[in-house]
Amino acid sequence: MITGIILIAVGLGVATVYNEYEIFLASKFFSIPTFLIVIGSFIIIISFFGCWGALKENYCLILTFSVLLGIIFILELSAGISGYVLRSDAESLIKVTLTDSLGKYNNTKVDEVTVLWDYVQKTFTCCGVNSYKDWASKFEDKLPLSCCSLPNGVVGVFSCTANNEDSNRYSNGCLTEFSNYIAAHAVSLGAAGVIIAILQFFGVLFSCYIAREIKIRNGITGFVG
């Protein structure tokens, strides 16, 4: 039950982070957190089979718990591996979505894409996908103000440009920093899946042992008695 709660907490935590950048992320980024939440909920439900079976020393319930826990072990291991695979693919997937959304940036009619681009550039102190030059096709020598750090004491108009002498402009593109941030959360999903799967494996062994002891003590013959 505790491991189920942990999986739900990790899944919800990562899903919350990903939802913040939903426009820039492919759908597969949300599938693994959702998968862990479902698995965690399922574990909490089947834990009652184990608890009730142990209290009543019921061979069938313990056996059912062992089988279901074995299935959960396989699912958790799959989710853990998927998390590590997603980490490797994060940069290539995010590069596509960032590049596609770049042209949707609208400085006259602000929408959610514009807001998120400004938020990402300010948060990760970056500009464009690979560099500030990515904005050239849209704004020529001008840049979104979120591409520059605002100096202290500025009053009135402030400009952010692609000119070489603009020292306030962020020099790095957003792809590397942003994808590393997203990939780090994918790793946490993978780690949670693998670690909990290992714990569940021992749970399967112990529950099988308990089922065997109950079967011998009660003289049960056959698979289900």
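Bear in mind that the values here come from a model prediction, so they are computed numbers and not experimental data. (Residues numbered from 1 in each chain as written. Predicted model: local features only at pLDDT ≥ 70, side-chain atom pairs only at ≥ 80, totals over all residues. Heavy atoms only, no water.)

> Any details on the layout of surface pockets? Residues and values, ideally.
By volume, the largest pocket is sized at about 310 Å³. In terms of lining residues, the largest pocket is bounded by 18 residues, among which M1, F65, L69, Q200 and G203 are the most central. Counting residues per element, the ones that place at least two in the lining of the largest pocket are α1 (2-20), α2 (28-56), α3 (59-102) and α6 (174-217). Class assignment for the residues of the lining of the largest pocket results in twelve nonpolar, six polar and no charged. Domain assignment of the residues forming the lining of the largest pocket places at least three in each of domain 1 (1-56) and domain 2 (57-218). One number sums up the size of the second largest pocket: a volume of about 210 Å³. (1 Å grid on protein atoms, 1.4 Å probe; cavity = no way out; pocket = protein on both sides within 12 Å on 5 of 7 lines; lining within 4 Å. Points joined across faces, edges and corners; volume = space filled by probe spheres on them. Helix = DSSP H or I, 4+ residues; strand = E, 2+ residues; numbered from the N terminus. Nonpolar A, V, L, I, M, F, W, Y, C, P; charged D, E, K, R; others polar. Domains from an automatic or database assignment.)

> Give me the state of the cysteines: which residues, what numbers.
Within the structure shown, the criterion is met by three disulfides. The disulfide partner of C127 is C147, and the gap between their sulfur atoms is 2.1 Å. Across the disulfide from C127 to C147, rotation about the S-S bond amounts to roughly 85°, and the bridge is consequently right-handed. With a gap of 20 residues between them, C127 in the loop between α4 (112-123) and α5 (136-139) and C147 in the loop between α5 and α6 connect regions that are remote in the sequence. Take C127 and C147: they sit in the same class, and that class is buried. Ordinal numbering of bonded cysteines along the protein chain defines a disulfide pattern of 1-6, 2-3, 4-5. Considering cysteine sulfurs only, C208 is the nearest to C60, which forms no disulfide, with 14 Å between them. By relative accessible area, which is 38% here, C208 ends up partly exposed. (Disulfide = S-S within 2.5 Å. Buried < 20%, exposed > 50% of the residue type's maximum accessible area, 1.4 Å probe, protein only.)

> Any chance you could break down the packing of α1 against α6 for me, citing the residues and the numbers?
The interhelical angle for the contact between α1 and α6, taken along N-to-C directions, is 170°, at an axis separation of 10 Å. The orientation of α1 relative to α6 falls into the category roughly antiparallel. Residues T3, I6, L7, V10, G11, V14, V17 and Y18 of α1 form the contact with α6, whose participating residues are Y181, I182, H185, A186, S188, L189, A192, I196, L199 and Q200. When its residues are assigned to classes, the contact of α1 with α6 shows 13 nonpolar, five polar and no charged. (Axes fitted to C-alpha atoms, helices over the stretch in contact; angles between N-to-C directions. Parallel < 35°, antiparallel > 145°, perpendicular 65-115°, else oblique. Contact = heavy atoms within 4.5 Å.)

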